[in-house]
Amino acid sequence: MMITLKAGKEQSLLRFHPWVFSGAIARMDKGVEEGDIVEVYTSHGDFLARGHYQIGTIAVRVLTFDKDEAIDEAFYTRRITEALELRRDNGLVDNPNTTAYRLVFGEGDYLPGLVVDFYEGTAVVQMHSVGMYKDKDLIEKALRTVLGDRLKAIYNKSEGTLPFKAGLNPVNSYVWGHTDSREARENGIVFVPDWEKGQKTGFFVDQRENRALIEKYSKGRRVLNMFCYTGGFSMFALRGGAEFVHSVDSSERAIELTEQNVERNFPGCTNHKAFAQDAFHFMEQAKEKYDLIVLDPPAFAKHVGVLKNALKGYRRLNAKALQIIEPGGILFTFSCSQVVSREEFRTMVFTAATQAKRRVSILHFLSQPADHPINIYHPEGEYLKGLVLKVY
Ligand code: SAH
C-alpha cells in the first residue's frame, strides 16, 4: 500500500522525523485501512519510509526509513533486542536491586505507538496506535524471544490508549503466561505495581533517578511528598533518614498503596503519614514545617491549547511550596507535560520564586532516565523536567 506526499512535504521525513501529518498527503492507495503498513513516497516517486497508517492528525508513524526492511516478527525482534541492550548499558537488566524499567519507549526506541514496562517478569504492554495493536501477536512473540526466561507473563493494557473510533474494543488482559508475583524493586525498595487497576502501567518508573537523588538530601529533613501516587519519593526519603515524611495524593487508592509500600519496606515505621487530600488545599492548611518538598503533579497540559492555564497552575503550586518551605529547605519540582518546554518551566519557577519573595538557587536540572530515550529527530519525546532548588 502506497501513500504519496504533496510536493515539498517530504522535508521532515528526510530529517527522520517519524510522523507524517494528514495534511501532507496528496494521495493514497484505495483500500488502505487503519493500522495497515504503508509505504510513503515523495511527489517524485522516491521511497521515504514505511510505517503504520492511522486516521487522524498523525497519519503515519514511521517504523523504518530503510526501503529493504520489512515489518515482520524479525523486525520487532531486532528493535526490542536493541531496546534491551540499551537498558543493559544502563545497568537495568538482570539487576536484582532494580527489576522495574521501561523496555520500550515509543519513538525513543524507534517503535512509535508502543510502550512496554517490565516489572520483574511481567511485561505490561500499551499500544497507542492501531497499527501496533494489529501487530500485537508479532510483538508478543518478539518479546518472548528477546526476554527469554526472564519473561513470565505479558499483560496487554491498551483499553485506554487506543483511539475509541477505531472500534478495536481491546480488553486489558494477560495475553501470555502467568505470574502471582507482583513485587518489583527500584534500587532495593520494593513496590507492588498494580497494572490492572493502577494509573498508566501501574508505576512511574521514570522518576527512578530523581528518587535516588532525594535519598541524599533527606537526612534529618521534614519531608512533604506532594502527588505521591505509590509513594516512590517517600520511600527513598525514609531510607535517606528523613525526620518524618508526609505523603499527599487526592486519590484514596494512591494513599492506600503508599501506606502498604511503607509498611512493606519499613515495617512498624512511625515517622510516615499519608493524607488523601487535594494538594492545594493541603498546602494552604499545612500545620507542620517542612524543609524538603516534592512537587510531582500530573500533566496539567496535555496539549498546547491549554498551555497558558497549565503554566498558571504550575506557578500557583510552586509559589505556594516556596512560601511554606523552611529557610534552607530543598524543593524538588517537576513537570511531566510534554508541551511545557524546559525554558517555560524554568521561567515559571522563576516567577513563582519572585512571588514568594525567597532567595532561590538551582542545584540540579532533572530529566527522564535513559530507559525513556529521546529520539533526536523527535524532540516531542522529551517530557519530564525538574529542578532541585535551595530555598533561603
Ligand atoms: N510522584 C509519583 C507520581 C505522581 S502521578 C511517583 O513518584 O510515582 C500524579 C499523582 O497526582 C496521581 O497519583 C494523582 O492521583 C495525583 N493528583 C492529581 N491531582 C491532584 C490534586 N489536585 N491533589 C493531590 N493529588 C493529585
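For clarity, every value in this text was computed on a predicted model and none was experimentally measured. (Residues numbered from 1 in each chain as written. Predicted model: local features only at pLDDT ≥ 70, side-chain atom pairs only at ≥ 80, totals over all residues. Heavy atoms only, no water.)

**Q** Please explain the site of the ligand as it appears in this structure.
**A** With respect to spatial proximity, 15 residues lie near the ligand, and among them Arg211, Asp249, Asp278, Ala279 and Asp296 are the closest. Between the ligand and arginine 211, the relevant distance is 2.9 Å, taken from an oxygen atom to a side-chain nitrogen or oxygen of the residue. Residue aspartate 296 places a side-chain N or O atom 2.7 Å away from a nitrogen atom belonging to the ligand. The residue inventory of the shell around the ligand, partitioned by class, reads 7 nonpolar, 4 polar and 4 charged. (Near = heavy atom within 4 Å. Polar contact = N/O pair within 3.5 Å; in protein donor to acceptor, adjacent residues only side chain to side chain. Nonpolar A, V, L, I, M, F, W, Y, C, P; charged D, E, K, R; others polar.)

**Q** Where do I start with the environment of alanine 184 in this structure?
**A** By the element assignment, alanine 184 lies in strand S12 (residues 184–186). For the pair formed by alanine 184 and tyrosine 53, sequence separation is 131 residues and the distance between their alpha carbons is 36 Å. Residues within four places of alanine 184 in sequence aside, it is in contact with Thr99, Ala100, Tyr119, Glu120, Ile189, Val190, Phe191 and Pro193. (Helix = DSSP H or I, 4+ residues; strand = E, 2+ residues; numbered from the N terminus. Contact = heavy atoms within 4.5 Å.)

**Q** Which parts of the structure should I look at to understand the pairing of strand S8 (residues 114–119)?
**A** In the case of a regular strand, side chains alternate between the two sheet surfaces. The element S8 is largely enclosed, with a buried count of 6 among its 6 residues. Alternating positions in S8 separate into two faces, Leu114, Val116 and Phe118 on one and Val115, Asp117 and Tyr119 on the other, with burial throughout. Summarising the sheet, strand S7 (residues 100–105) and S8 pair through 5 bridges and their orientation is antiparallel. Bridge pairing in S8 links alanine 100 to tyrosine 119. Pairing of S8 with strand S9 (residues 122–127), which is carried by 6 bridges, proceeds in the antiparallel orientation. Following the sheet pairing, leucine 114 is matched in S9 by methionine 127. Between the end of S8 and the start of S9, which pair antiparallel, lie 2 residues, with glutamate 120 showing a positive phi angle near 40°. (Buried < 20%, exposed > 50% of the residue type's maximum accessible area, 1.4 Å probe, protein only. Pairing = 2+ DSSP bridges.)

**Q** Explanation requested: the sheet that holds S7 in the structure shown.
**A** Strand order across the open sheet formed by 5 strands is S7-S8-S9-S10-S11, with mixed pairing between neighbours. Each edge of the sheet is formed by a strand with only one pairing partner; in this case those strands are S7 and strand S11 (173–177). On average, each strand axis in the sheet is tilted by 20° relative to the strand beside it, whichever way the strands run. Relative to S11, strand S10 (residues 153–156) runs antiparallel, the two sharing 4 bridges. Each bridged residue has a counterpart across the sheet, and for tyrosine 155 the counterpart in S11 is tyrosine 174. In this fold helix H4 (residues 136–147) packs onto S7, S8, S9, S10 and S11, with an angle of close to 150° to the strand it touches most, S10. (Axes fitted to C-alpha atoms, helices over the stretch in contact; angles between N-to-C directions.)

**Q** Honestly, the pattern of salt bridges in this entry has me stumped. Any pointers?
**A** One side chain can pair with another of opposite charge once the charged atoms of both are near each other. In the structure shown here, the tally under the stated rule is 17 salt bridges. Where arginine 87 meets aspartate 109, a salt bridge forms, and the shortest distance between an N and an O atom there is 2.8 Å. Of this pair, arginine 87 sits in helix H2 (residues 73–89) while aspartate 109 sits in the loop between S7 and S8, and the two are 22 residues apart along the sequence. We note that arginine 87, like aspartate 109, is buried. A salt bridge links arginine 239 to glutamate 215, with the nearest nitrogen and oxygen atoms 2.9 Å apart. Separated by 24 residues along the polypeptide, arginine 239 in helix H6 (residues 232–239) and glutamate 215 in helix H5 (residues 208–217) bring together distant segments of the chain. Residue classification places arginine 239 among the partly exposed residues on the basis of a relative accessible area of 35%. Residue glutamate 215 is classed as partly exposed on the basis of its relative accessible area of 22%. (Salt bridge = Lys/Arg side-chain N within 4 Å of Asp/Glu carboxyl O.)

**Q** Quick question: what am I supposed to make of the domain arrangement of the protein here?
**A** Interfaces are often described in size by the accessible area the parts lose on coming together. By domain assignment, the protein separates into domain 1 (2–64), domain 2 (73–186) and domain 3 (204–391). Listed by partner, the interface residues are 5 residues for domain 1 and 4 residues for domain 3. The largest per-residue losses of area from domain 1 upon contact with domain 3 belong to Phe16, His17 and Trp19, which jointly make up 73% of the total buried on that side. Counting every contact that joins domain 1 to domain 3 gives 0 salt bridges. There are 1 residue pair in polar contact (both at pLDDT 80 or more) connecting domain 1 and domain 3. Looking at side-chain class alone, the side of domain 1 that touches domain 3 contains 3 nonpolar, 1 polar and 1 charged residues. (Domains from an automatic or database assignment. Buried area = accessible area lost by both parts, 1.4 Å probe.)

**Q** Could you clarify how one ought to interpret unusual backbone geometry in this entry?
**A** What is expected of a backbone is that most residues other than glycine have negative phi and most peptide bonds are trans. The phi dihedral of phenylalanine 16 falls on the positive side, at around 65°, and the residue is not glycine. Unlike most non-glycine residues, lysine 357 shows phi in positive territory, near 55°. In this fold, lysine 357 is placed in the loop between helix H10 (342–356) and strand S19 (360–367).

**Q** What am I meant to see in a nonpolar patch on the surface here?
**A** A grouping of Phe16, Tyr110, Ile376 and Tyr377 is seen on the molecular surface, where their side chains present a nonpolar patch of about 410 Å² in accessible area. With respect to the helices, strands and loops of the structure, isoleucine 376 is situated in the loop between S19 and strand S20 (385–391). (Patch = residues over 30% accessible without salt bridge, like charges linked within 9 Å, V, L, I, M, F, W, Y side chains within 5 Å. Areas by Shrake-Rupley, 256 points an atom, 1.4 Å probe, with all protein chains shown as cover.)

**Q** So what exactly am I meant to see when it comes to the nonpolar core here?
**A** One broad rule of soluble globular proteins: the nonpolar side chains tend to lie buried together. Of all hydrophobic cores here, the largest spans 34 residues; its most connected members are Leu224, Met226, Met283, Ile293, Leu295, Leu322 and Leu331. At the level of secondary structure, the elements contributing two or more residues to this core comprise strand S14 (222–226), strand S15 (244–249), helix H8 (279–285), strand S17 (290–295), helix H9 (307–324), strand S18 (325–335), H10 and S20. The biggest single contributor to this core is H9, with 8 residues. Setting aside residues up to four positions removed in sequence, leucine 224 forms contacts with His246, Val248, Phe282, Met283, Tyr290, Leu292, Ile293, Val294 and Ile324. Within the second largest apolar cluster, 33 residues are counted, among which are Tyr217, Ala237, Phe266 and Val388. (Core = buried A, V, L, I, M, F, W, Y, C linked by side-chain atoms within 4.5 Å.)

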